[in-house]
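# Per-entry structural report
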Amino acid sequence: MVPPSPEQPGNRTALQILKEQGKLTSDTVAARVGDELVDLHSPVSNPAMVVPVVKSDLDALRVIRHSASHIMADAVQRLFPGTKVTFGPATDKGFFYDFDRPEGQFSESDLERIEAVMKQIIADNIPFRREVISKEEARKLFEGMNETYKVEHIERLEGEITIYRHGDWVDLCAGPHVLSTGCVPAVKLTSVAGAYWRGDERNPMLQRIYGTAFTSDEELQRYLDALQEAKNRDHRKLGRELDLIGFHKLAPASPFFMPRGTQVYNRLIEYLRALYSEYGYLEVISPQIYDNELFRISGHLPEYAENMFAATTVESLEESADRISKRSDFDAPSLQRELEQSLRYGVKPMNCPGHCLMYGMNRRSYRELPMRMADFGRLHRFERSGVTQGLTRVRTFSQDDGHIFCTLDQIQSEIASFLDLVNRVYKDFGFSDVRVMIATRPDERLGSDEAWDRAEEALKQAVKAKGLPFEIAEGEGVFYGPKIEFHINDALGRPWQLGTIQVDFNLPERFDLTYVGEDNQHHRPVMLHRAIFGSVERFLGVLIEHVGGAFPLWLAPEQVVLLTVSEKVNDYAREVLLQLQLQGIRAVSDFSSDKLGAKIRNARAMRYPYLAVIGQKEAEQKGVSLRSRDQNKDLGFTSLNALVDIIRREGVPFSMRNN
RNA sequence: GCCAUCUUAGCUCAGAGGUAGAGCAACGGUUUCGUAAACCGUAGGUCCCGGGUUCAAAUCCCGGAGAUGGCUCCA
């Protein structure tokens, strides 16, 4: 690392200052002055406040990655003259740079070439240099280079404009950067993708190249290994290998649950049902298809129409055709109206409108509140083809949906109770590290400020009362009310939003829902939307990846598999199988003529929690030789009673165990 | 929807303008075996679909479907 020494007059550089103060270490990447990140090679005005930013610092990684993106853009323009640069920031996992390349796209093999040139630029160890210029100079500079996107962006900038050079290459950039290109220790280009200029789909499509950079080759390798591990745990891969789920092109983005997957799915729902009876929910079943009038009342039409499946009948279509054929003067608008009329029904994308109808079917008393309605009804949403993904983004799914009708005063205690429930559930699935996010009123909203004040305060108070740390997402609430979101990290540290609870002032209003209060007057209830899993499909997908396909004993499709050493013990093994099944244990068997080693290998691939080996010895002593999946070792001879005890004890979620 | 990539046996993948390959799985047989793969054999294909170019297309071109990675990070 040979630092350049800028010959600028006046202030000394952060590098010089740190060196004088004896704070400069070999892993210093940049510096911080107050809150501001600065280059090592640029002059700073107040030396007393300069602090080094070292490699282990998260900010250091961003600086390195941002510099890597410049190096990449340089390499791209060397290899593909005429390509224009746009934006190239560091991201959480690496960096990207968006290019406008007239000849078209970059291919995967281009990435290798670009990477090779990048490595050369890094080896050349070219110093980065920051310059402050006027808007006019900047405009002239980038116009001269025909960098039209940069020129466009300059017009949006105010105040000081900075550019960064390394060698001949220059970019409009806020910085900061590392000392020189040699200070990017490990870099790798990962993928190409299309991206719109400024992220707006009305703008031209640019070519985005993704890459990542780390402070060492070891760190980079660890990241690549983690990517590989994520690939191995991918629920689409495991879902097929373990015969849990399937997809077919005749039902795009709609999962099929194979028998084994259905077992897990149903067990998830049974588990919640058990909790619901404890937490005072009443389960309901509501229709799938409604007259569109419902969705007009709820506001889903026209707002949500593009995500809904329309439904109709032949009768309705024939009536429309009839009317059209009888009139010759149909113009476009009336045809449009006719079409809408013929599509009389809609498939529900949410349960709430139906639940509002159910609430309104009886006169409600304050004594009935809070009324907690749960529904595992199937929902259909039309997701655009590019956004669907495995189980995590599908077109048909069910939610562990629930709606609580209550008074404003009851919100806080309802939230408190829900927080208990959510935490208990996540703990049972081994999700630690739950983060709570409170989203407050957006600019465009429904309901009085007073109601918002009370609702937001109720959310905060309830969370505080539980002693839970939380973050506020200012203005991120939905238009109809504030909400709490629950985010978890899975076993690979990836974040997921699962549960939520949302206050809704809107729907009770639209459906004119009321209850009779103590005062014998009609009052408007508040509605809470809440879910713990979110979509059951998505939750299962996350869970599969979290446990790597190895479901806990209480969820596993099979709890134990019997493996015979030879045919000679098949009779005894059959008897054991029957005994276990009679005791309610989910037991299966492998009586094939494979050798024991192969049977164990196959059984492990299927992630059976327990393997029970049965040979001559076990048949004589009336037991099995038990092997645990999670410990991956032989636990020795186990009697049948002991086996049943083990499975019964472990076959229950943590929070429902007696001891 | 848009950009890129992909689609060959149930699965994982190789191949390639001259007519289809492997491993695993399946099926049949031999073996009866003690803690992560016994052996032999059989069968399995509209090379995603439709059109075009060609003497010849699974391969090249066009269109479509489905899938995969992106389309939030802001000079």
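Thresholds, definitions, all that
- Residues numbered from 1 in each chain as written.
- Chains lettered and ligands numbered in written order.
- Predicted model: local features only at pLDDT ≥ 70, side-chain atom pairs only at ≥ 80, totals over all residues.
- Heavy atoms only, no water.
- Near = heavy atom within 4 Å.
- Polar contact = N/O pair within 3.5 Å; in protein donor to acceptor, adjacent residues only side chain to side chain.
- Helix = DSSP H or I, 4+ residues; strand = E, 2+ residues; numbered from the N terminus.
- Nonpolar A, V, L, I, M, F, W, Y, C, P; charged D, E, K, R; others polar.
- Buried < 20%, exposed > 50% of the residue type's maximum accessible area, 1.4 Å probe, protein only.
- Lys, Arg positive; Asp, Glu negative; His and termini not counted.
- Salt bridge = Lys/Arg side-chain N within 4 Å of Asp/Glu carboxyl O.
- Contact = heavy atoms within 4.5 Å.
- Arc of directions from axis to C-beta.
- Pairing = 2+ DSSP bridges.
- Axes fitted to C-alpha atoms, helices over the stretch in contact; angles between N-to-C directions.
- Core = buried A, V, L, I, M, F, W, Y, C linked by side-chain atoms within 4.5 Å.
- pLDDT = per-residue confidence, 0-100.

What follows covers the protein's contact with RNA strand B. In the vicinity of RNA strand B, 57 residues are found, and the nearest of them are Leu172, Ser385, Glu567, Arg604 and Glu618. In RNA strand B, atoms within 4 Å of the protein come from the sugar-phosphate backbone in 51% of cases. Here a base nitrogen of RNA strand B sits 2.9 Å away from a polar atom, N or O, in the main chain of Ser593. Contacts to RNA strand B include Gln616, whose backbone N or O atom sits 2.7 Å from a base oxygen. Here the surface near RNA strand B takes six residues from helix H19 (residues 596–605), the largest share from any one element. For the surface near RNA strand B, a count of residues per class yields 21 nonpolar, 19 polar and 17 charged.

As for its placement among the helices and strands, Glu618 is situated in helix H20 (residues 616–621). For the buried Glu618, which has no salt bridge, the nearest side chain bearing the opposite charge is Lys617, at an N-O separation of 4.4 Å. The contact partners of Glu618, leaving out residues within four places of it in the chain, are Tyr572, Val613, Gly623, Val624, Ser625 and Phe637.

This part takes up helix H21 (residues 640–650). Among all positions in H21, only Leu640, Leu643, Val644, Ile646 and Ile647 are buried. Down the axis, H21 shows its buried residues gathered within 160° of arc, on one side only. Turning to H21, the residues buried within the fold contact strand E28 (560–564), helix H18 (570–582), strand E30 (610–614), strand E31 (623–628) and strand E32 (633–639).

Turning next to the pairing of strand E7 (residues 161–166). The buried count for E7 comes to five of six residues, which makes it a mostly enclosed element. In this structure, strand E6 (residues 128–133) lies alongside E7, joined through six bridges in antiparallel fashion. Note that in E7 the partner of Glu131 across the bridge is Ile163. Pairing geometry for E7 and strand E8 (residues 169–172), over four bridges, is antiparallel. The partner of Ile163 across the bridge, within E8, is Leu172. In sequence, E7 turns back onto E8 through a hairpin of two residues, with Gly167 there showing a positive phi of about 60°.

A sheet is described by the order of its strands in space; here three strands give the open sequence E6-E7-E8, paired in antiparallel fashion. At either margin of the open sheet sits one strand with a lone partner, and together these are E6 and E8. This sheet shows a mean twist of 25° between the axes of neighbouring strands, independent of strand direction. In the packing of helix H2 (residues 58–79) onto the sheet, contacts are made with E6, E7 and E8, and the angle to E8 comes to roughly 125°.

Counting residues in hydrophobic clusters, the biggest one holds 60 residues, and the most contacted among them are Val425 and Phe429. In terms of residues, this core owes the most to one element, helix H8 (residues 259–279), which gives nine residues. Discounting residues that sit within four places of it in the chain, Phe429 has contacts with Leu268, Tyr271, Phe533, Phe539, Leu543, His546, Trp554 and Leu555. Within the second largest apolar cluster, 45 residues are counted, among which are Ala75, Phe99, Ile122 and Trp169.

It is worth spelling out unusual backbone geometry at this point. Put simply, Leu301 and Pro302 share a cis peptide bond, and its omega is 0°. Inspection of the secondary structure assignment puts Pro302 in helix H10 (residues 300–303). Backbone torsion omega between Leu369 and Pro370 reads -5°, so that peptide bond is classified as cis. Look at Asp243: it is not a glycine, yet its phi comes out positive at around 55°. Note that Asp243 resides in the loop between helix H7 (235–241) and strand E11 (245–246).

Let's shift gears to the confidence of the model for chain A. Scored by pLDDT, chain A comes out at a mean of 89, with 98% of its residues at no less than 70. Every residue in residues 1–9 scores below 50 in pLDDT, and together they form twelve contacts with partners more than four places removed in sequence or on other chains. ipTM for the predicted complex: 0.92, alongside a pTM of 0.89.

Our focus in this paragraph is the sheet that holds strand E29 (residues 587–590). Across the sheet, five strands lie side by side as E29-E28-E30-E31-E32; this open sheet has mixed pairing. A single partner strand is all that each edge strand has here, and the edge strands are E29 and E32. Neighbour-to-neighbour, the strand axes of the sheet open up by a mean angle of 30°, direction not taken into account. In this structure, E31 lies alongside E32, joined through six bridges in antiparallel fashion. If you follow Leu626 over to E32, its bridge partner there is Gly636. Where H18 meets the sheet, it contacts E28, E29, E30 and E31, and its direction lies at approximately 170° from that of E28.

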